[in-house]
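Chain by chain, the residues run as shown.
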Amino acid sequence: MSAADRQADAVAALRRIAFLLERAQASPYRSEAFRKAAVSVERQAADRLTALAASGSLADLPSVGARTADVVTHVLRGKRVEYLDSLEAEYAEARAAAADPGAVALREALRGDLHSHTEASDGATPIHEMVLAALELGHDYLAITDHSPRLTVANGLSASRLRAQLDQVAALNRAVGPFRVLTGIEVDILDDGALDQDPDLLDQLDVVVASVHSKLRMESGPMTRRMIAAVSNPRTDVLGHCTGRQIKGKSRPQSEFDARAVFDACAEHGVAVEINCRPDRLDPPHELLAVAIDAGCDFSIDTDAHAPGQLDWLMAGCARAAEHHLDPARVITTLPVEGLLARTHR
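Source: prediction; values computed, not measured.

How each quantity is defined
- Residues numbered from 1 in each chain as written.
- Predicted model: local features only at pLDDT ≥ 70, side-chain atom pairs only at ≥ 80, totals over all residues.
- Heavy atoms only, no water.
- Buried < 20%, exposed > 50% of the residue type's maximum accessible area, 1.4 Å probe, protein only.
- Helix = DSSP H or I, 4+ residues; strand = E, 2+ residues; numbered from the N terminus.
- Pairing = 2+ DSSP bridges.
- Axes fitted to C-alpha atoms, helices over the stretch in contact; angles between N-to-C directions.
- Parallel < 35°, antiparallel > 145°, perpendicular 65-115°, else oblique.
- Left-handed = near helix turned anticlockwise from the far one by under 90°.
- Contact = heavy atoms within 4.5 Å.
- Nonpolar A, V, L, I, M, F, W, Y, C, P; charged D, E, K, R; others polar.

Peer 1: Break down the pairing of strand β4 (residues 207-211) for me, citing the residues and quoting the values.
Peer 2: Most of β4 sits inside the fold, with 5 of its 5 residues counted as buried. On β4, burial covers both faces: V207, V209 and S211 on one face and V208 and A210 on the other are all buried. Relative to β4, strand β3 (residues 180-188) runs parallel, the two being bridged by 5 bridges. Residue pairing in the sheet places G184 in a bridge with V207 of β4. Pairing geometry for β4 and strand β5 (residues 238-239), over 2 bridges, is parallel. Across the sheet, A210 pairs through a bridge with L239, a residue of β5.

In structure tokens form, the structure reads like this:
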């Protein structure tokens with residue numbers, strides 16, 4: 001094997017470790033260390049990398065520490081990386097534990113993910129890192145849905161920044177076809193139910209996920225009217241994490257609203273209800289998921305990923321959907337990209 005091939009294997013090992021750490025909800029600082037090391041190693045000439053490893057000087061490279069240097073050294077020498085092996089074993093065990101036949105069948109039917117974030121807002125990595133992970137997971141498409149301007153805490157995108165991202169996505173699509181990077185936004189639902197972005201710009205996007213991020217303790221009546229106004233907007237495709245709850249870490253109770261009225265409006269206007277797969281959300285709760293199913297809603301099973309490894313959280317949503325015997329035909333992310341775009345076309 002050539003030095004360049006060994007280098008590529010070392011970069012792949014570092015990225016795989018980062019992916020598995022992200023999937024397992026490890027500290028983001030740990031996964032970030034491996035991703036930064038992968039970038040640094042990838043930028044070196046292969047022969048120089050080999051020489052540094054031979055002299056025990058890999059840690060002299062930017063963003064390479066003792067732990068990541070040890071991984072690279074083992075790969076360059078053709079040896080197993082015990083840390084990676086242990087993470088892979090944990091990953092396999094977690095997948096086996098979640099192997100409900102209905103959930104597995106639904107997961108296999110999914111073609112993509114309509115809710116993901118990049119470093120442009122509050123995600124951890126550039127778009128191309130998210131796309132590489134989606135490709136490795138076998139997706140046909142991934143929607144990039146960074147936040148809208150009002151969510152300043154998440155570095156929401158102004159209209160000009162979003163337009164620049166559309167150009168970036170167009171260039172990326174020329175390189176990764178037939179995989180499709182979908183343009184999108186997670187647009188904040190304002191207090192009166194309006195969407196937090198220029199309407200003409202929303203019309204240019206493939207996917208609009210509308211979510212409530214502020215005044216989550218609003219009284220039920222005003223919150224119901226706010227959400228109905230948002231899903232009645234013809235530019236809305238998906239209602240994101242509808243209750244806004246947080247069930248892990250810094251917990252947050254779910255918002256109060258007339259679920260039947262909101263889900264009836266979703267069904268009437270063809271807006272999919274998101275089954276959010278984030279372990280700290282798992283939104284909507286089971287009782288509201290049952291209401292949405294009974295109301296005749298369609299659904300989008302999405303990860304709300306903020307890092308590449310989190311794109312592999314789809315099984316959590318599939319398991320919850322399978323508990324309610326949800327027909328895969330009602331899940332829009334089982335559609336091929338042409339069918340999906342026909343549904344979201346404005």
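Resuming the write-up.
Peer 1: Any details on the packing of helix α1 (residues 3-23) against helix α5 (residues 82-97)? Residues and values, ideally.
Peer 2: The angle between the axes and the distance between the axes are what describe a pair of packed helices. Where α1 contacts α5, the axes come no closer than 10 Å and their chain directions differ by 40°. Considering their axes alone, α1 and α5 lie oblique with respect to each other. Regarding α1 and α5, the two cross each other, and that crossing is left-handed. Facing α1, whose interface residues are A13, R16, I17, L20, L21 and R23, α5 presents Y83, L84, L87, E88, Y91, A94 and R95. Across the contact of α1 with α5, the residue classes break down as 9 nonpolar, no polar and 4 charged.

Peer 1: How would you explain the packing of helix α6 (residues 101-109) against helix α13 (residues 314-323) if you had to name every residue and give the values?
Peer 2: Put simply, α6 and α13 touch, their axes get as near as 8 Å, and they point 125° apart. Relative to α13, the element α6 lies oblique. α13 is crossed by α6, and the crossing has right-handed handedness. The segment α6 lies against α13, with G102, A103, V104, L106 and R107 engaging L314, M315, C318, A319, A321 and A322. When its residues are assigned to classes, the contact of α6 with α13 shows 9 nonpolar, 1 polar and 1 charged.

Peer 1: An account of the sheet that holds strand β7 (residues 299-302) is needed here, citing residue identities and associated values.
Peer 2: Across the sheet, 7 strands lie side by side as β1-β2-β3-β4-β5-β6-β7; this open sheet has parallel pairing. Since the sheet does not close on itself, it has two edges, and those belong to β1 (112-113) and β7, each with one partner. Pairing analysis gives 4 bridges linking strand β2 (residues 141-144) to β3, with the strands arranged parallel. Its bridge partner being in β3, L142 is matched across the sheet by V181.

None of the figures reported here should be taken as evidence of function without further support.
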